[in-house]
Each structure stands twice: as C-alpha cells, then as structure tokens.
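Letter by letter, the chains look like this.
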Amino acid sequence: MTSTSYNALTDTFIPKPIAEPQQADRFSDAAIAELEEIVTHYPERKAACLPALWIAQREYGGSLTPGAIREVADRLGLSYTEVEGVASFYTMYNLKPRGRHHVEVCTCLTCALLGAYDIVHRYEHELGVTMGGTTEDGEFTLSEAECLNYCGGATVIQVGDKYFTGVTPENCLSLIEELRKSQQFTPALLADSIVKIQTPGASTSGGGSFAAQDLI
Amino acid sequence: MAILNLLLEHRDVPGITNIDVWEAHGGYEGLKRAAAMERQAIVDEVKASGLRGRGGAGFPTWIKWNGLPKNYDQPHYVLCNADEGEPGTFKDREMLLKLPHAIVEGIIIAGLATYSKVGYIYIRGEYTEPAWQVRKAIDQAYQRGYLGKNILGTGHDFDLYIHMGAGSYECGEESALMSSLMGERGNPRLKFPHAPLPTVAGVWQAPTLINNVETYCAARWVLANSAEKYASYGTERSKGTKIMSVSGHIARPGNYEVEMGTPLMELLHQAGGVINGRLKAVIPGGSSVQIKTAEDCEKINLDYESCGANGTLLGSGGFMVFNDLTDIVQLMKRTAEFYMHESCGKCTPCREGTRWMFKVMDRIASGAGQQGDIELLLSIASQVDGRSYCGLGDAACWPIVGAIKAFRSEFEYWIEHKCSPVGSRFFPPQVEAVNPILALSAR
Ligand SMILES: Cc1cc2nc3c(=O)[nH]c(=O)nc-3n(C[C@H](O)[C@H](O)[C@H](O)COP(=O)(O)O)c2cc1C
Ligand code: SF4
Ligand code: FES
C-alpha cells in the first residue's frame, strides 16, 4: 500500500503520498451518531480508533477497504497510515473481503488434541479451499484461529459472533449444512454486535440475545 | 482442601445476570459496605485479605490500589483486563457470561478506593456473547444508581465503559492493553524501572489501576464478606481461592474453583480423571508455563509457592491434562506456533526468536530433526528469555525449555527415529499447498 523513497542526506525514508482512494463516504447518519457517542467515552478522539474501525467494517460490508480506512482517518482527525497501521495489527479486522460465513476453527492446544486438524481437513475437502481461502461463490472463508478460550468445549469454531462448541470430525459437516441455509452475512453481523456492545443503553433498546447456539 | 466456591457460588442460579436476582443473593452488598467506609479502609481491607492478582503474575493487589494518588487533582482510570487469551484459560469468559454484576461491582469498588471517575473493561473481540451480559449489567447498574453521578450518596461519580479488542493475545499484556485502549497498535510500552509504574503514569499518562476480571471479583467478595474470612482460606502466602480452567483429556472439563494449596491430583480427581489413557503430563497454568510429568504432579499443590518450587507457575489457571497418547514434541511445536503468531514484532529477540524456535520445532516434529537441535533450541531460548521487551518473549521460551527438561527422551526419539514415540497422529503434517485439489488428494 505505502511506498517510500530513501533520502540519503537525512538517512530517512520519506513516505510517498498515497493515492488517496477517491470514494464517497459511506457512514450512515446512524453510524455517525454512534461514533460521536463512543468518542465521548474517551478523553481524546484518537482513542475511538478501534470502535470506529468496527463501525467501518460493518458499514463497508464486512471488510476494511482503503476507502473505509480513509473515512475513519478523516472522521477522527488521524492520518491514513496511522489508521491503516492499527487496522493491520489486529486479526479481526478484515483487510481483504471475506465470504458470507467466516468459519474460524480453533486449532490451538486443547482443540488440536481433540481433533481440530481433522476438522480442518474435512472442511478443506468439503469446501475445496485451503486455510485462509474463500470459496469461489463467496459463501465461505475458512481460517485457523488461535485459542478462542473456550477450551472446555473443544473443539470450538467461531462463525461471526457465535461460538460452536463440541464440534467433532464426525459432526462438523452439519455445521456447514446449517450455514448454507442461513442468509446472514456473518462478518458484518459480528462488527454490528461489537459496536452495539460499546453503546450505553443498547441492552434496553433491543440489541437482541446473542446466545451461542450449540447447533450440533 | 478441595473445591471451594466463593466467587462461583451463584453461577448456576437461574437469572443471576439480572440485577434483581443478583441483589437477592447478596449482590452490591460489597459496594454498599465500601461506600460507607473510608477510602483507605477499603485498601486496608484488600490488604488484610492477602489477595494477589489473578491475571498471571500474582502481584499483591493492595499495593496497586494503594499506589494511586489519593486525591482528585487529575483524572485516574480503572481498567479491567478481560482480554483473556492464554491458551487453556476460560475462567474470565465464564465470569463475564454468568456473573457480570460481580465484575461491575468489583470495578466500582476499585474506583471508589482509587479516586477514579472512569473505568474501562477491555474485552477481547471474540467474546461478544459474554460482553452482551456485561453491557446489560452496566445498563442495569446505571438504572439503580450504582453507576453515574453521586453513587449511593457518596458524592463520588463513576462511569464504566466497554472497550472491545479486535483479536490480539498481546493486548492482554497491561501496557499493550493501554496502547490499544488509546487507539494504537497493541505494542507494549517501556516499563518500570525504565518508566513510571502505571499507577503513576498509565493510560493517557494518568494514574491507572489495572487488574484481571477474577481479581475484581475476589475484591468484591472480600468487601461483601470479610477480609478475615477470605484470608482464612488458602495457604500461608497464597490466600483464598483460584479458579482453574480444566481442559484436555479429562472426563469433565470446566471451571473449578479450588482453595489455594489444593493438591493438583485432587483437582484432577474432582474433574473426573484422565480419559482414553493414563496421565502423562499436566500444564497447570496456561500454555506459558512449564509442563510437568505425571510423577511431578504428585508433589504439586495449587498455590503460587508450591508451583514455583516445582519449576512451574500457577499463571492464569489454564489447567491442561494430557494422556499417554499425547506427543509432547508436536504439542510444543503448536505452542511455538502460537507465540510466533502472537508476537507483536516490536522487539527483535522475540520477533525473530519465536520464529526460529518454531522452525526448529517444526523440523523436529516433521521428521527432519538433526543432531544438536535440542541444544539449538535451548540456545535460542536463552537469548530470548529475559532479553525481550515484554513478558511474551519469556513466556514463549518457558514451555519449550520446560518440555525439554521433562521429556528430553521424546525429543531425542523424534530426531533419531523421525517418528513419534507414541505413534500419535493428533497433529497431522501440514502439506505445502500449491494446488488445493492436488494437496487434498495427496493427503
Ligand atoms: C503476553 C502477556 C499476556 C497477558 N494476557 C493477560 C490476559 O489475557 N488477561 C489478564 O488478566 N492478564 C494478562 N496478562 C497479565 C497482565 O499483564 C497483568 O499482569 C494483569 O492484567 C494484572 O492484573 P492482576 O494484578 O489482577 O493479575 C498478560 C501478560 C503478558 C506478558
Ligand atoms: S517480547 Fe514479543 S510481544 Fe513483547 S514487545 Fe517484544 S516482540 Fe512484542
Ligand atoms: S484451544 Fe481451542 S478454545 Fe482453547
């Protein structure tokens, strides 16, 4: 994304101006109101960078395009690179588009002991993608997660804002079947849920219950 | 000494996440008692309880609470570390999910004691379901006047906000958490003695208190009951209880609250014992601590001193049990992969060292190990441990060095015979995928 040129005189790298993505802002009025509410939680605007990126991830349909990053930077008075640096640090911000269901299989210690890699191989076979890939029809993105910290329910799979626990190599395909039927767009759903959690009063004004269902 | 439910006492009460039910079970009693006390008396109460931090390091909680300036001259902040990321630990998740009011109450008490007006709960991004319970609890507490302006007529204001993380283990480290809260990359900052303690200059350069979820819950229990009662449980230097998250090859995985000093084998027994084989090893405190053989387990009691004396740590309480079909080398390879993935990249020893350790572990565990690889691993570890910027670098080395100490023969077997000493296939080899279809059929 960024390119630099070297200045031998001062021994520094000078960032070349990035071709600013020219795109209309896409935050809705409701999203702007949410952001301004969240900004009041902190002593400075910059601190709302993580929540703002969550809002952007929802408003831009589940991934952070260069346009989304620029809009966040503009709204918080930060530079593009600053926001891009933050967005690229955290694994839950999608810098690349994701499929409609982002299936993250925990393959950390306990889950791996109890068969997570067998599940991964079954999914790779079923979906025809390898780890990190997205199916051609854009339905599924399959990836590996580090410990999701529900090891007592190993193996754990995260799809959007839900945890599925007790998945075994035998029953894992039924999860894919269920998801094929579902019309939701899970990456944006997850971002939406996280934004609402940070908004005071959200629990009384709906928000809904987000019980992780044990589908299987 | 065995199971002792102090903090988890009400976890199975139906509707306990609702403030009415919580109050019917003695909820917000701790806050009411604290509100009627002198600020210093609250800190003294925590001191008398002997409570130590439950986030991993076991640092005496009262010293932190006592360290903040005792006036309103500048803003102070209270942070709750709910960025639980240590593999094997899931106690914070259960508490956030089932006992959100206990946490909220504990944080308000800390706010009172430390002259703070604002608190943040930093919850990891994946924990949406637990975070919803905390959201509800905070909203209900505002309605009852436990949060907001002039709490319980004390003249003290306190606001509590949720800050969601976005997927990074490193953000559980306290200074990285503060960076993340300020809207930056989750890189740690310079620490004491090279920089002031967080209690002097923490988040936004203001005095900051940071504790783990379980620590706040325990502090609430102390205020709601009494310090003497809390201190009457546990051992000489480790007071009270510890919640252990039991997982792995065990009949009944889950969270067990045990009295400090409970023999390790007793917990194993309470959790239903090992399944599909005999006990081979236990990691008592999350992936960052040293693995222990079955014989060593007989000697260990679950408290800070006994674990320390036996060359491991109580850590965050992620208790993982392995049966005799577990391949320790492959387990350690996966551990090394975790730290390689989570290293934030700020300092060279950890960023490079974790990669090299993974490469060597991967080489051994895929049958390409060479003579001298064990020494190579130990040498890399010695160059990372104690030389990295934050605790993650150290934590990446301890499990590997510990495993070499306890199970050296298995490493040697892998290098010599190019195969697993137990013939286990828990971690199938990763096939280099060029064409997905070819790679799949090759398997
Ligand atoms: C790499 C690393 C990760 C950590 N992760 C967590 C964590 O997920 N949760 C936590 O409470 N403490 C974590 N800690 C410990 C914190 O830095 C800090 O010691 C703790 O929050 C202090 O709270 P306590 O005094 O209540 O234990 C971590 C430390 C390190 C070095
Ligand atoms: S030890 Fe690792 S995680 Fe910590 S600052 Fe250095 S690179 Fe980052
Ligand atoms: S190892 Fe999978 S949830 Fe912890």
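Being a predicted model, the structure only gives us computed values, none of them experimental.

Peer 1: Residue-level account of the domain arrangement of chain B, with values.
Peer 2: Residue and element names in this part refer to chain B. If you check the domain split of chain B, you get domain 1 (19–231), domain 2 (241–323) and domain 3 (328–442). Taken residue by residue, the interface counts 17 residues in domain 1 and 20 residues in domain 2. Interface area lost by domain 1 to domain 2 is led by Arg-54, Glu-86 and Phe-90, which between them contribute 33%. Counting the contacts that link domain 1 with domain 2 gives two salt bridges. Between Lys-242 and Glu-214 there is a salt bridge, with its nearest N and O atoms 3.0 Å apart. Linking domain 1 with domain 2 are 14 residue pairs in polar contact (both at pLDDT 80 or more). It is helix H5 (residues 91–98) that provides the largest number of residues to the side of domain 1 that touches domain 2, a total of three residues. Here the residues of the side of domain 1 that touches domain 2 sort into five nonpolar, six polar and six charged.

Peer 1: Can you lay out the interface of chain A and chain B for me, pointing to particular residues and giving the numbers?
Peer 2: In many analyses, interface size is given as the accessible surface area lost on bringing the parts together. Listed by partner, the interface residues are 60 residues for chain A and 68 residues for chain B. Together, the buried faces of chain A and chain B total about 5400 Å²; carbon and sulfur atoms form 61% of this surface. The three residues of chain A that bury the most area against chain B are A:Leu109, A:Leu113 and A:Ile197, which together make up 15% of that side's buried surface. Linking chain A to chain B there are two salt bridges. Between B:Glu184 and A:Lys46 there is a salt bridge, and its shortest N-O distance comes to 3.0 Å. When residues of the side of chain A that touches chain B are traced back to their parent elements, those giving at least two are helix H2 (49–59), helix H4 (80–89), helix H5 (109–113), helix H6 (116–127), strand S4 (140–145) and helix H8 (186–197) of chain A. Taken together, the residues of the side of chain A that touches chain B sort by class into 32 nonpolar, 20 polar and eight charged.

Peer 1: Break down the environment of B:Ala251 for me, with residues and values.
Peer 2: All names here are of chain B. Note on placement: Ala-251 falls in the loop between strand S5 (241–248) and strand S6 (254–259). Judged by relative accessible area, which is 38%, Ala-251 ranks as partly exposed. With 22 residues separating them along the chain, Ala-251 and Gly-273 place their C-alpha atoms 5.8 Å apart. Aside from chain neighbours lying at most four places away, what touches Ala-251 is Ala-271, Gly-272, Gly-273 and Ile-275.

Peer 1: Describe the pattern of salt bridges, with residues and values.
Peer 2: Residues and elements named next belong to chain A. Inspection of every chain in the model, using the stated rule, returns 41 salt bridges over all chains. Among the ionic pairs, Glu-177 bridges to Arg-180, the shortest N-O distance being 3.5 Å. Note that Glu-177 and Arg-180 are positioned in helix H7 (residues 172–181) at a spacing of three residues, about one turn of the helix. Overlapping salt bridges bring together Asp-25, Arg-70, Glu-71, Asp-74 and Arg-75 as one network.

What counts, and where the lines are drawn
- Residues numbered from 1 in each chain as written.
- Chains lettered and ligands numbered in written order.
- Predicted model: local features only at pLDDT ≥ 70, side-chain atom pairs only at ≥ 80, totals over all residues.
- Heavy atoms only, no water.
- Domains from an automatic or database assignment.
- Contact = heavy atoms within 4.5 Å.
- Buried area = accessible area lost by both parts, 1.4 Å probe.
- Salt bridge = Lys/Arg side-chain N within 4 Å of Asp/Glu carboxyl O.
- Polar contact = N/O pair within 3.5 Å; in protein donor to acceptor, adjacent residues only side chain to side chain.
- Helix = DSSP H or I, 4+ residues; strand = E, 2+ residues; numbered from the N terminus.
- Nonpolar A, V, L, I, M, F, W, Y, C, P; charged D, E, K, R; others polar.
- Buried < 20%, exposed > 50% of the residue type's maximum accessible area, 1.4 Å probe, protein only.

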